[in-house]
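An overview of the molecular structure
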Amino acid sequence: NSFTPNGDGLNDVFYPSGKFHDNTDGLEHYEFVVYNRWGELMFESTTPYEGWDGTYKGKFVMQEVYVWKITVYDPIKSKKEVHTGTVTMVK
């Protein structure tokens, strides 16, 4: 799990993917966030397919591991699901 926002057009943006992340039912529950190791919010989106470009306040962040969290709606179970993981930003 890594991405390289170096402007070469390959793997420049970190996008969530998986089951229900683009489900139009329950879209009001969708949230994708990225935190640094101190728990500071680096990126937040409520729009599916909107990814993180490795910047915070217009500047590239340090090369390190970041924690992501995505909240989606599962229409089969009629409830929200929260998934977490890490991604390494490599310059």
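Preceding block: the structure.
Now for a description of the structure that goes with this document. (Residues numbered from 1 in each chain as written. Predicted model: local features only at pLDDT ≥ 70, side-chain atom pairs only at ≥ 80, totals over all residues. Heavy atoms only, no water.)

Moving on, we get to the overall build of the protein chain. A tally of helices and strands in the protein chain yields zero helices and seven strands. Beginning at the N terminus, the succession of helices and strands in the protein chain can be written as β-β-β-β-β-β-β. For 91 residues, the compact-globule formula gives about 12 Å, and the C-alpha radius of gyration of the protein chain, at 14 Å, lands near that figure. If one aligns the C-alpha atoms of the protein chain with their principal axes, the spans along those axes are about 40 × 30 × 20 Å. When contacts within the protein chain are restricted to residue pairs at least 6 apart in sequence, those whose partners lie at least 24 apart make up 51%. If you sum the accessible surface of the protein chain, you get close to 5,700 Å²; carbon and sulfur atoms cover 51% of it. Averaging the positions of the 9 positive and the 13 negative side-chain charges in the protein chain gives two centres separated by 7 Å. (Helix = DSSP H or I, 4+ residues; strand = E, 2+ residues; numbered from the N terminus. Rg over C-alpha atoms; globule rule 2.2 N^0.38 Å. Contact = heavy atoms within 4.5 Å. Areas by Shrake-Rupley, 256 points an atom, 1.4 Å probe, with all protein chains shown as cover. Lys, Arg positive; Asp, Glu negative; His and termini not counted. Charge placed at Lys NZ, Arg CZ, Asp CG, Glu CD.)

Under the counting rule described, the total for this entry stands at one salt bridge. Measuring nitrogen to oxygen at the nearest pair gives 3.1 Å for the salt bridge that ties Arg-37 to Glu-64. Here Arg-37 is found in the loop between β2 (31-35) and β3 (41-45), whereas its partner Glu-64 is found in the loop between β5 (59-60) and β6 (65-74), with 27 residues between them in sequence. (Salt bridge = Lys/Arg side-chain N within 4 Å of Asp/Glu carboxyl O.)

Turning our eyes to something else, we now look at the sheet that holds strand β1 (residues 2-3). Each strand in a sheet pairs with its neighbour through backbone hydrogen bonds, running either in the same direction (parallel) or in the opposite one (antiparallel). If you walk across this open sheet you meet the five strands as β1-β7-β6-β2-β3, and the pairing is mixed. Looking at strand neighbours, the two that pair on one side only are β1 and β3, the edges of this open sheet. Sheet topology places β1 next to strand β7 (residues 79-89); two bridges connect them, and they run parallel. Considered in β7, the bridge of Ser-2 is made with Thr-88. (Pairing = 2+ DSSP bridges.)

Another point: the packing of aromatic side chains. Inspection of the entire model under this criterion finds six aromatic pairs. On the basis of an interplanar angle of 55° and a centroid distance of 5.4 Å, the ring pair of Phe-3 and Trp-52 is categorised as tilted. In this pair, Phe-3 is assigned in strand β1 and Trp-52 in the loop between β3 and β4 (55-56), connecting sequence segments 49 residues apart. Here the two residues Phe-3 and Trp-52 agree in accessibility, since each one is buried. Among the aromatic side chains, those forming a connected cluster through ring pairs are Phe-3, Phe-14, Phe-32, Phe-43, Trp-52, Tyr-66 and Trp-68. (Phe/Tyr/Trp six-rings, centres within 6.5 Å; stacked < 30°, edge-to-face > 60°. Buried < 20%, exposed > 50% of the residue type's maximum accessible area, 1.4 Å probe, protein only.)

Turning next to the nonpolar core. The nonpolar side chains of a soluble globular protein tend to be buried, and buried together. Core analysis: the biggest nonpolar cluster contains 15 residues, and Phe-32, Val-34, Trp-52, Tyr-66 and Trp-68 have the highest contact counts within it. When residues of this core are assigned to their parent elements, the largest contribution, four residues, is made by β6. Setting aside its immediate chain neighbours within four residues, Trp-68 contacts Phe-14, Phe-32, Val-33, Val-34, His-83, Thr-84, Gly-85, Thr-86 and Val-87. (Core = buried A, V, L, I, M, F, W, Y, C linked by side-chain atoms within 4.5 Å.)

The next thing to look at is the pairing of β3. For β2 and β3, the ladder comprises four bridges, and the chain directions are antiparallel. From the neighbouring strand, Val-34 faces β3, where its bridge partner is Phe-43.

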